[in-house]
Amino acid sequence: MNRNESVIIRHRLRQLHATFSMASASELQPGKHGELLLHDQHCLVLPVTGRCEIEMEGKSTHVAEAGGLYYFREGIQTSCAVLDGEPFRFYWISFHLDAGSTEFIRLLKLPLRSRVDDPERVKTLFRQLADSRSRRTLSDELKARAVVMELVAFFLEEGLRSGEMLSEHPELQLLSGVLSYIDEHLMDALTVEELAKLAYLHPNYFITYFRSLTGLTPIQYVNQRKIEYARELLDSGELPVQEAARAIGLNNPYFSRLFKQQIGLSPRRYRQLMAERREHLEQQEKQQPALPEAGPWLEEFAWLDEPQACPPSIARKIVSLA
């Protein structure tokens, strides 16, 4: 995954918003054919036992079995057939994504299956959602959304490594030069017209095109990258706030307002917190117990460190154990 691709994915994941709809544990008997899930929404499926042949859009087929987490995008037509003589038992959830997140997922062209590194944790999350149907507290929706996001993260962690990346899309190849140019000119006052020329697009169309990939307008993206770079400078503690603002081409009042809008703290307070954090880590390191002093066993084999400095009379012959 190249840097521009990583930047786009990171920005889009920040904006990803999933809303929980339904969850259940289901079972299909051998010889059973039919529709696997509701596909008017996005679905995640966790097989527990058995094997099931899944047909996608009447074209490709895949065998679902335990050990994998399966994702079905909204609008996909799917049918299934249980294989062997064992029932196919599985957990499933359906959830909604906003239009921007759905388009982003479509561009990623994620694989159907993602390997599960922590099956017990994933199974526990599915159970939580399946059990939540009987609870009706005010915080249930928020808790369910958090669980759905964690399950989506489990799938994406492996899926982003094995799926077709954004870099293979012509849209990103065209935008890649623009993103690199922005990173190289963070201290400049960049304009939409200037960036649109790099992509050979009309400014109005460029804004729509840029936002469809990054989820941000060009100027929003530029400002976010500026603040990210300023934050890195303030993390080190070597530059005062005024110098960090100058490094990204902003005057101090506007820089402070933009920084607080994105980070939630003023740059001065953020710099102070980072300094306190570094001091705390340094104190922790000093409080670590010292390593034990060298014992006789180190002295016994000290001759191995500097063999030429030892008198021939005390040099020992190394006996082969072969």
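This text goes with the structure placed above it.
Okay, so let's go over this structure.

What counts and what doesn't
- Residues numbered from 1 in each chain as written.
- Predicted model: local features only at pLDDT ≥ 70, side-chain atom pairs only at ≥ 80, totals over all residues.
- Heavy atoms only, no water.
- Phe/Tyr/Trp six-rings, centres within 6.5 Å; stacked < 30°, edge-to-face > 60°.
- Helix = DSSP H or I, 4+ residues; strand = E, 2+ residues; numbered from the N terminus.
- Buried < 20%, exposed > 50% of the residue type's maximum accessible area, 1.4 Å probe, protein only.
- Expected span 1.5 Å × (residues − 1).
- Pairing = 2+ DSSP bridges.
- Axes fitted to C-alpha atoms, helices over the stretch in contact; angles between N-to-C directions.
- Contact = heavy atoms within 4.5 Å.

This part covers the packing of aromatic side chains. If you walk through the whole model with that rule in mind, you get 8 aromatic pairs. Centroid distance tyrosine 205 to tyrosine 209: 6.3 Å. Interplanar angle 15 degrees. Geometry classified as stacked. Here the residue tyrosine 205 and the residue tyrosine 209 both occupy positions in helix H7 (residues 203-214), the gap between them amounting to 4 residues, near one helical turn. Among the residues examined, tyrosine 209 registers a relative accessible area of 8% and is labelled buried. Members of the aromatic cluster, connected to one another through ring pairs, are Phe206, Phe210 and Tyr221.

A rise of 1.5 Å per residue sets the reference length of helix H8 (residues 218-236), with its 19 residues, at 27 Å; its end C-alpha atoms lie 28 Å apart and thus fit the reference within 8%. Where H8 ends, the next residue or the one after it, glycine 237, has phi of about 75 degrees, a positive value.

The next subject is the sheet that holds strand S6 (residues 68-72). In spatial order, the strands read S1-S8-S3-S6-S9; together these 5 strands make up an open sheet with antiparallel pairing. Strand pairing shows two members of the sheet lacking a second neighbour, strand S1 (18-28) and strand S9 (113-115), which therefore form its edges. The mean angle between the axes of side-by-side strands here comes to 20 degrees, regardless of whether they run parallel or antiparallel. Judged from the 3 bridges that link them, S6 and S9 form a sheet pairing that is antiparallel. Bridging from a neighbouring strand, leucine 69 pairs with serine 114 of S9. Across the face of the sheet, helix H2 (residues 99-108) comes into contact with strand S3 (42-49), S6 and strand S8 (88-97) while running at roughly 125 degrees to S8.

What is shown is where atoms sit, not what they do.
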